[in-house]
Amino acid sequence: MSGTRTSSTPWYDRRITFVGGLHRSGTALLARIISASPDASGLTGTGAVMDEGQHIQDTYVGGLGNTSEWSFHPHAHLTEEDARRVPDAGARLWASWSPYWDLDAAVLVEKSPPNLTKMRYFQEIFPRSRFIVVTRHPIVQALAVRKWATSTRGRFTYGFPRLVEHWVHAHDVFAEDALHIENLLVLRYEHLMREPERELGRVAKFLGIEVDTAAIGAVDAGRSNRYAELWRTGGRGSWPDVSGAMSGTSGRGAGRPAPTCSATSPTPRCSPATATSSTSTSGTGSARTGTT
């Protein structure tokens, strides 16, 4: 076993929290908010992109390929079996990450998007760890990735079907793995934007920490609305913060089905034909807490 359930390891009494989710799904925002708590610490000063733990270790393979490819890589999905092949994985990861955490904090945060498909691996190594996954509607996530992409990739014209396919594949892997995870919280990005106080309250309760109220006020509630407007207008819309963008009927591309998706446990699913959900929209994500 790569991890251990005894008190002989330096991480035994730590609540190591892994945050995961596809790029542009809100993982960085959530990790920053959690790390701002006086009870928590994120990795800082690593010199790596976004201070992501995947980049400063040599124990497992991090994300390989671009944002529309990485979950298809053979090493993207890691489980208990992969962890058991490296008996000293826990010690090696702790040595890589612990210098960049404030070890006086009760909760230690590691955020890397590929954590989405590696939860079972980390749980085997760090049995008391907790996991938070952030999901975002696949169409909106794809639009956000293309805006974020370099101009050489075409921004709004490159890889849209592949991005949605990647979303579906990564979340299928996650949904299967989630059945094996003891301490898991699933958040919908859309719900976090719409009701940040409630959603961050769920995070605080799950981790046993306090969340800074200033962080709640900093959440940009209109961010997804702007992408929804782009979808409704076929990529020709502007970027106004309009709460009715999803249901508007004017402008070029009017009448295009608005992307809606509901959260079911553990991951939201959408109908590929219409990009709308066949289930109730009342879901708010799921949480499961085991014995620690």
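Structural data are supplied above this passage.
Residues numbered from 1 in each chain as written. Predicted model: local features only at pLDDT ≥ 70, side-chain atom pairs only at ≥ 80, totals over all residues. Heavy atoms only, no water.

Points about helix α3 (residues 89-97)
Consideration 1: Taken residue by residue, α3 has Ala89, Gly90, Leu93, Trp94, Ser96 and Trp97 as its buried positions. Projection of α3 onto a plane perpendicular to its axis shows the buried side chains occupying an angular sector of 160°, all on one side.
Consideration 2: Where α3 is buried, its residues touch β1 (15-20), β3 (107-111) and α4 (119-125). (Buried < 20%, exposed > 50% of the residue type's maximum accessible area, 1.4 Å probe, protein only. Helix = DSSP H or I, 4+ residues; strand = E, 2+ residues; numbered from the N terminus. Arc of directions from axis to C-beta. Contact = heavy atoms within 4.5 Å.)

Details of the side chain of Gln57
Consideration 1: Looking at the secondary structure, you find Gln57 in the loop between β2 (40-42) and α2 (80-84).
Consideration 2: From its side chain, Gln57 meets the backbone nitrogen of Thr59 in a polar contact 2.7 Å long.
Consideration 3: Looking at Gln57, its side chain comes within polar contact range of the main-chain nitrogen of Tyr60, at 2.9 Å.
Consideration 4: The residues touching Gln57, leaving out its near neighbours within four places in the chain, are Leu93, Ser96 and Trp97. (Polar contact = N/O pair within 3.5 Å; in protein donor to acceptor, adjacent residues only side chain to side chain.)

Observations concerning the sheet that holds strand β6 (residues 287-288)
Consideration 1: The strand order across the open sheet formed by 6 strands is β2-β3-β1-β4-β5-β6, and the pairing between neighbours is mixed. Each end of this open sheet is capped by a strand with a single partner; those strands are β2 and β6.
Consideration 2: As judged from the 2 bridges shared by strand β5 (residues 184-188) and β6, these two strands associate in the antiparallel manner. From the neighbouring strand, Leu184 faces β6, where its bridge partner is Arg288.
Consideration 3: In the packing of helix α6 (residues 160-178) onto the sheet, contacts are made with β4 (130-135), β5 and β6, and the angle to β5 comes to roughly 145°.
Consideration 4: Those strands touched by helix α8 (residues 196-207) are β1, β3, β4, β5 and β6, and its axis lies near 170° from that of β5. (Pairing = 2+ DSSP bridges. Axes fitted to C-alpha atoms, helices over the stretch in contact; angles between N-to-C directions.)

Regarding the packing of aromatic side chains
Consideration 1: One pass over the full model with this rule turns up 12 aromatic pairs.
Consideration 2: Relative to Phe122, the ring of Tyr60 has its centre 5.4 Å away and its plane inclined at 85°; by these criteria the two rings are edge-to-face. Linking Tyr60 in the loop between β2 and α2 with Phe122 in helix α4, this pair joins segments that are 62 residues apart in sequence.
Consideration 3: On the basis of relative accessible area, Tyr60 is assigned to the buried category, the value being 8%. (Phe/Tyr/Trp six-rings, centres within 6.5 Å; stacked < 30°, edge-to-face > 60°.)

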